[in-house]
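What follows is the residue order along each chain.
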Amino acid sequence: AQTVTQSQPEMSVQEAETVTLSCTYDTSESDYYLFWYKQPPSRQMILVIRQEAYKQQNATENRFSVNFQKAAKSFSLKISDSQLGDAAMYFCAYRSGTGNQFYFGTGTSLTVIP
Amino acid sequence: DTGVSQNPRHKITKRGQNVTFRCDPISEHNRLYWYRQTLGQGPEFLTYFQNEAQLEKSRLLSDRFSAERPKGSFSTLEIQRTEQGDSAMYLCASSPGGLWLFFGSGTQLSVL
């Protein structure tokens, strides 16, 4: 099974500031997909951003962007201009290009301080 | 399109009882996944359907667990002879061809 590691159990950021959440993964494949999911206290998990491994350009969705370092097997999430609504658990996930399973990390709990 | 719907939201049962959960995916999604999540952990894969066919099942999944997706529409997950270790959040997700997952709100199971 693939391994996804999130080494920061908890992070905090001041409102309007920028925060980066870390994720590393272990794979021997060259074709795969990486994801960041957000799980607010209501518990429904939603997709934040998605990256295809074959794309060199880092994905961006409004205030959310990633730093994808394929050689280092690193996939960090940057949240700019943090808002109170960004407070949630954030999960990094991996899916092989040929497989069907999505593998999740243990999550990072983000607190946004007003 | 109202998203992925899961019922019930909460289930409390006594050890040894059987429970069944239902998931209604987004109608045009052909793939459906079941995950289990315990406190402080990420979702753990249980099983996956493409249309009505159950194509993968986790090796960690005991034979007390069974899932169905008749006619490729809604899915049910049944746990027989529940144990306290089965207490968890059970998440259903549907997917358009495996591109990404759309999750439901989950069913929180508590086994007393």
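Attention here is on the structure that accompanies the text. What you are looking at is a predicted structure, and each value in this text was computed from that prediction instead of being measured.

Some words on the environment of S73(B)
Okay, step 1: Mapped onto the elements of the fold, S73(B) is located in the loop between strand 7 (65-68) and strand 8 (75-79).
Okay, step 2: Each C-alpha atom, one on S73(B) and one on P96(B), is 13 Å from the other, the two residues being 23 residues apart in sequence.

Points about the side chain of S95(B)
Residues and elements named next belong to chain B.
Okay, step 1: With respect to the helices, strands and loops of the structure, S95 is situated in strand 9 (residues 88-95).
Okay, step 2: On the basis of relative accessible area, S95 is assigned to the buried category, the value being 0%.
Okay, step 3: For S95, the side chain forms a polar contact with the main-chain nitrogen of L99, separated by 3.4 Å.

Brief notes about the state of the cysteines
Okay, step 1: The full count for this structure, using the stated rule, is two disulfides over all chains.
Okay, step 2: Covalent S-S linkage joins C23(A) and C92(A), the inter-sulfur distance amounting to 2.0 Å. In this structure, the disulfide formed by C23(A) and C92(A) twists by about -70° around the S-S bond and is classed as left-handed. Here the residue C23(A) occupies a position in the loop between strand 3 (19-21) and strand 4 (24-26), and C92(A) occupies one in strand 10 (residues 88-96), the gap between them amounting to 69 residues.
Okay, step 3: Here C23(B) pairs with C92(B) through a disulfide, and the sulfurs are 1.9 Å apart. Across the S-S bond linking C23(B) and C92(B), the dihedral sits near -70°, which makes this disulfide left-handed.

Some remarks on unusual backbone geometry
Both trends apply: most residues other than glycine have a negative phi, and most peptide bonds are in trans.
Okay, step 1: Residue P8(B) follows N7(B) across a cis peptide bond; omega there is -5°.
Okay, step 2: Counting through the fold element by element, P8(B) comes out in the loop between strand 1 (5-7) and strand 2 (10-13).
Okay, step 3: In the Ramachandran plot, D81(A) falls in the positive-phi region, its phi being about 50° despite a non-glycine side chain.
Okay, step 4: One can find D81(A) in the loop between strand 9 (74-79) and strand 10.
Okay, step 5: Of note, K71(B) is a non-glycine position whose phi angle comes to about 60°, a positive value.
Okay, step 6: Mapping K71(B) onto the fold places it in the loop between strand 7 and strand 8.

Focus: the packing of aromatic side chains
All names here are of chain A.
Okay, step 1: The full count for this structure, using the stated rule, is 20 aromatic pairs over all chains.
Okay, step 2: Look at W36 and F75: their rings are 6.3 Å apart centre to centre, the planes differ by 20°, and that puts the pair in the stacked class. Placement of the pair is W36 in strand 5 (residues 32-39) and F75 in strand 9, with a sequence separation of 39 residues.
Okay, step 3: Residue W36 is classed as buried on the basis of its relative accessible area of 0%.
Okay, step 4: Look at Y37 and F104: their rings are 5.8 Å apart centre to centre, the planes differ by 55°, and that puts the pair in the tilted class. Residue Y37 is located in strand 5, and its partner F104 is located in strand 11 (residues 102-104); the two are separated by 67 residues in the primary sequence. Both residues of the pair, Y37 and F104, count as buried.

Things to note about the pattern of salt bridges
Okay, step 1: Inspection of the entire model under this criterion finds seven salt bridges over all chains.
Okay, step 2: A salt bridge links E52(A) to K55(A), with the nearest nitrogen and oxygen atoms 3.8 Å apart.
Okay, step 3: Between E83(B) and R64(B) there is a salt bridge, and its shortest N-O distance comes to 3.4 Å. Taken together, the positions of E83(B) in the loop between strand 8 and strand 9 and R64(B) in the loop between strand 6 (53-57) and strand 7 put the pair 19 residues apart, joining distant regions of the chain.
Okay, step 4: Of the residues examined, E83(B) reaches a relative accessible area of 40% and is grouped as partly exposed.
Okay, step 5: The class of R64(B) is buried, set by a relative accessible area of 8%.
Okay, step 6: Via salt bridges that share partners, R50(A), E52(A) and K55(A) belong to a single interconnected network.

Brief notes about the interface of chain B and chain A
Okay, step 1: The interface of chain B with chain A comprises 24 residues on the first partner and 17 residues on the second.
Okay, step 2: For the pair chain B and chain A, the summed buried surface comes to about 1,800 Å²; carbon and sulfur atoms form 49% of the total.
Okay, step 3: Across the contact surface, chain B and chain A share zero salt bridges.
Okay, step 4: Our count for the chain B to chain A interface comes out at 10 residue pairs in polar contact (both at pLDDT 80 or more).
Okay, step 5: Here the side of chain B that touches chain A takes four residues from strand 4 (residues 31-37) of chain B, the largest share from any one element.
Okay, step 6: Split into classes, the residues belonging to the side of chain B that touches chain A amount to 12 nonpolar, nine polar and three charged.

What counts, and at which threshold
- Residues numbered from 1 in each chain as written.
- Chains lettered and ligands numbered in written order.
- Predicted model: local features only at pLDDT ≥ 70, side-chain atom pairs only at ≥ 80, totals over all residues.
- Heavy atoms only, no water.
- Helix = DSSP H or I, 4+ residues; strand = E, 2+ residues; numbered from the N terminus.
- Buried < 20%, exposed > 50% of the residue type's maximum accessible area, 1.4 Å probe, protein only.
- Polar contact = N/O pair within 3.5 Å; in protein donor to acceptor, adjacent residues only side chain to side chain.
- Disulfide = S-S within 2.5 Å.
- Phe/Tyr/Trp six-rings, centres within 6.5 Å; stacked < 30°, edge-to-face > 60°.
- Salt bridge = Lys/Arg side-chain N within 4 Å of Asp/Glu carboxyl O.
- Contact = heavy atoms within 4.5 Å.
- Buried area = accessible area lost by both parts, 1.4 Å probe.
- Nonpolar A, V, L, I, M, F, W, Y, C, P; charged D, E, K, R; others polar.

These figures capture arrangement, not role.
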